[in-house]
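Geometric and topological summary
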Amino acid sequence: MGLSLQDHGGTVLLEDGRALALRDLLPLRDLPGASLRIAAATRAGDQLALQLSDGTTRTAAIPGRTRTAADLILENIGQLLTLEDDGVGARARASLACRDGHVLALADGGAALAVERDEHTLVLDARGGVVTPGLIEPHSHPVFAGERSREFALKAEGRSYLEIHNAGGGILSTMRATRAASFEELARACARNLDRLLAWGVTTAEGKSGYALELEGELRLLEVMRSVSRCHPVALVPTLLGAHALPPEHASRRDEYVRLVCEEMVPRAARDGLARYCDAYCERGAFTPAEVEQIFLAARAHGLGLKLHAEQFSDQGGAALAARLGAASADHLEAISAEGIAALAASRTTAVLLPGAALASRCPWPPARALLDAGVPVALGTDLNPGSSMTASLPLMMSLACMQLGMSCEQAWRAVTVEAARSLGRPELGRLHPGAPADLALFDAPDYRYIPYHYGENHLRLVVKDGQLAHERPRR
Ligand code: NIG
Ligand code: FE
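My aim in this report is to walk through the structure given alongside it, one point at a time. Predicted model only: the values in this text are computed from it and were never measured.

Rules of the game
- Here the residue numbering is sequential within each chain, running from 1 through the sequence in written order.
- Each chain takes a letter, starting from A, and each ligand takes a number, starting from 1, following the order in which they are written.
- Local features are withheld for residues below a pLDDT of 70 in this predicted model, meaning they are given only at 70 or higher, and side-chain atom pairs are given and counted only at 80 or more; totals for whole chains, interfaces and linings count all residues.
- Water and hydrogen atoms were dropped before computing side-chain values, which therefore reflect all heavy atoms in the structure.
- When DSSP locates at least two bridges between a pair of strands, those strands are taken to pair.
- What counts as a helix is a DSSP run of H or I of at least four residues, what counts as a strand is a run of E of at least two, and both are numbered from the N terminus.
- By this rule the span expected of a helix is its residue count minus one, scaled by 1.5 Å.
- The rule is simple: take the accessible area with a 1.4 Å probe, protein chains only, and divide by the maximum for that residue type; under 20% is buried, over 50% is exposed, in between is partly exposed.
- Throughout, near means a residue has at least one heavy atom within 4 Å of the molecule or strand.
- Pairing of N or O atoms within 3.5 Å defines a polar contact, subject to two protein rules: one partner must be a possible hydrogen donor and the other a possible acceptor, and residues neighboring in sequence count only if both atoms are side-chain atoms.
- Using a 1.4 Å probe, accessible areas were evaluated by the Shrake-Rupley method; residue-level cover was limited to the displayed protein chains.
- Three classes are used: nonpolar for Ala, Val, Leu, Ile, Met, Phe, Trp, Tyr, Cys and Pro, charged for Asp, Glu, Lys and Arg, and polar for all others, with Gly counted as polar.
- Axis geometry follows a simple rule: fit a line to the C-alpha atoms, using only the stretch in contact for helices, then measure angles between N-to-C directions, giving values from 0 to 180 degrees.
- Note on donors: an N, O or S atom is included if it sits within 2.8 Å of the metal, or within 3.2 Å for Na, K and Ca, and water is never included, so sites can look incomplete.
- Here a pair means two rings of Phe, Tyr or Trp (six-membered ring of Trp) with centres within 6.5 Å. Their orientation is stacked below 30 degrees between planes, edge-to-face above 60, and tilted elsewhere.
- As a reminder, the over-ring test applies to NZ of lysine and CZ of arginine, requiring each to be within 6 Å of the ring centre and within 35 degrees of the ring normal.
- An angle counts as roughly parallel when it lies under 35 degrees, as roughly antiparallel when it exceeds 145, as roughly perpendicular when it falls between 65 and 115, and as oblique in every other case.
- Each crossing gets its handedness from the near helix: less than a right angle anticlockwise from the far helix is left-handed, clockwise is right-handed.
- By definition in these notes, contact holds between two residues if any of their heavy atoms fall within 4.5 Å.
- For this document, the term salt bridge refers to a Lys or Arg side-chain nitrogen within 4 Å of an Asp or Glu carboxyl oxygen.

This brings us to the pairing of strand β8 (residues 90-99). Of the strand pairs in this sheet, strand β7 (residues 72-81) and β8 are connected by 7 bridges, and their pairing is antiparallel. Counted as the bridge partner of Leu80 is Arg91 from β8. Turn length for the β8-strand β9 (residues 102-107) hairpin, with the two strands adjacent in sequence and antiparallel, is 2 residues, and the turn residue Asp100 shows positive phi of about 50 degrees.

Right, here's the structure in full:
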């Protein structure tokens, strides 16, 4: 007792409030891999029995005092993006120190960091690279089985997304594969998708269910996310997407399915703490605004935040509905009307734009400029999913935003950091200042604008999550 494992930190939380990471418990030289994390821990007196993410077990003594020295120092940073104020807050010739999972101090202009260091402090040389807050993925579908490259080929030959969907492909083909997969298979697939996001610099991701489309199956997908998130550095913000498509067994009983979502899925997901948000797909062939409203009212009554797949292919008035019901975000928006933009501008709802889905589905680009000019906060996501956007590259979304959506480099960086964090109700993330969570990414690039400019290439060198080295690309 008196001991718990933090959900997405891989850190042991003691009764005195101290959060102990693996490197606080074992000397660095005893750790075979930088991304090794604690999967489970039990306490016997002053000893901890640790089960590690590679399947091995260790014992460690609980340290008697809180360290005053920094855990990690990043030196020789060419450019540090703090994301303060309205711009990106670029600081030249910088360094940064972390302790206990938070930023301890920053320095720039070549000044020295005024922090203590000792033999446990990990000092990393950024070699003049760009350090940014860990990227925030505001919209992804990371738990599914199978893949849909054959549909990709059909689309390349001219078939539309809706044609494929109406012929039993699309979401329903992934639903069949997902229903047939075991918990372990889905957990492995989800972990692989989180690995992919991490490898592009993501430290927190929203993740949706939506490929089971039945009560126990949707809850199982949320449980998969919870279980994977416990021993993966990428923190997941889980979303119930029971209303992603109408499952075939309810084809002639729509009302019954909507009732199932409202009266069983939403209450169970909320009661068991399995979801923070509820999402729905408002589109021809999916759910009507009236059905979405019923689902959203139930979700709101159970304390879930709201997100909506809106105006992807046609204007259904989804953005205005999302704004009216106080949704955290309205996502896609390729086909949004002027009224929809005005409704978002009058609300606190973030527009989450998904240029990868627009690209792969051959949609018009979402009107980022008009949204920004109207004062709507804009975030960018990959929409990572097996159908309309099979990518985990958030930097590629920044490139598309700058090259095709009319966004500036600064707006694109804000869209994958502060704005994405805001759309997930996590405003403490996506910026770097003393006291902020120590989630950051280091890119081998001379300038932050270089990252969207040199597109298609992964410039990421390493990721720090909760003050610990979570991912390091092998040296090139
Ligand atoms: O965000 N639009 C609906 N949902 C996904 C596509 C899911 C799929 O095709 O499997 C999207 O684009
Ligand atoms: Fe989506």
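With 17 residues, helix α5 (residues 183-199) should reach 24 Å at 1.5 Å per residue; the first-to-last C-alpha distance of 24 Å fits that figure. Of the positions making up α5, those classed as buried are Leu186, Ala187, Ala189, Cys190, Asn193, Leu194, Leu197 and Leu198. A positive backbone phi angle near 105 degrees is found at Gly201, which sits one or two residues after α5.

Around ligand 1, a shell composed of 15 residues is seen, among which Arg148, Tyr161, Tyr211, Gln312 and Ser388 lie nearest. At a separation of 2.8 Å, an oxygen atom of ligand 1 approaches a polar side-chain atom of Arg148. In the complex, the protein chains occlude 100% of the 330 Å² of accessible area that ligand 1 would expose alone. Of the residues belonging to the shell around ligand 1, the class tally is 4 nonpolar, 9 polar and 2 charged.

Here we take up the sheet that holds strand β4 (residues 38-44). Here 3 strands make up an open sheet; going across it, the order is β4-β5-β6 and the pairing antiparallel. Each end of this open sheet is capped by a strand with a single partner; those strands are β4 and β6 (57-61). The average angle at which neighbouring strand axes cross in this sheet is 25 degrees, direction not considered. Strand direction decides the pairing type here: strand β5 (residues 47-52) and β6, joined by 5 bridges, are antiparallel. By the bridge assignment for β6, Ala49 is matched with Thr59.

This paragraph deals with the coordination of the iron ion (ligand 2). Around the iron ion (ligand 2), the protein supplies His139 (NE2), His141 (NE2), His309 (NE2) and Asp383 (OD) as donor atoms, at distances of 2.1 to 2.3 Å. In the primary sequence, the donor residues of the iron ion (ligand 2) line up as H-x1-H-x167-H-x73-D. Placement of the pair is His139 in the loop between β12 (135-137) and α2 (149-156) and His309 in strand β16 (residues 305-310), with a sequence separation of 170 residues. Taken individually, His139 and His309 each receive the classification buried, so the pair is uniform in this respect.

Taken as a whole and judged by the stated rule, the model has 4 aromatic pairs. Positioned above the aromatic ring of Tyr277, the side-chain terminus of Lys307 is 5.2 Å from the ring centre.

The subject of this paragraph is the packing of α5 against helix α6 (residues 215-230). α6 packs onto α5 with a crossing angle of 55 degrees between their chain directions and a minimal axis gap of 9 Å. In terms of orientation, α5 lies oblique with respect to α6. Seen along the crossing, α5 lies across α6 with a hand that is right-handed. Touching Phe183, Leu186, Ala187, Cys190, Ala191 and Leu194 of α5 are Arg220, Leu221, Glu223, Val224, Met225, Ser227 and Val228, all from α6.

This part covers the pattern of salt bridges. Counting across every chain of the model gives 20 salt bridges. When the shortest N-O distance is used, the salt bridge between Glu151 and Arg148 registers 2.8 Å. Residue class for Glu151 comes out buried when judged on its relative accessible area of 13%. Classification of Arg148 as buried rests on a relative accessible area of 8%. Glu428 is the partner of Arg426 in a salt bridge, and the nearest nitrogen-oxygen pair spans 2.7 Å.

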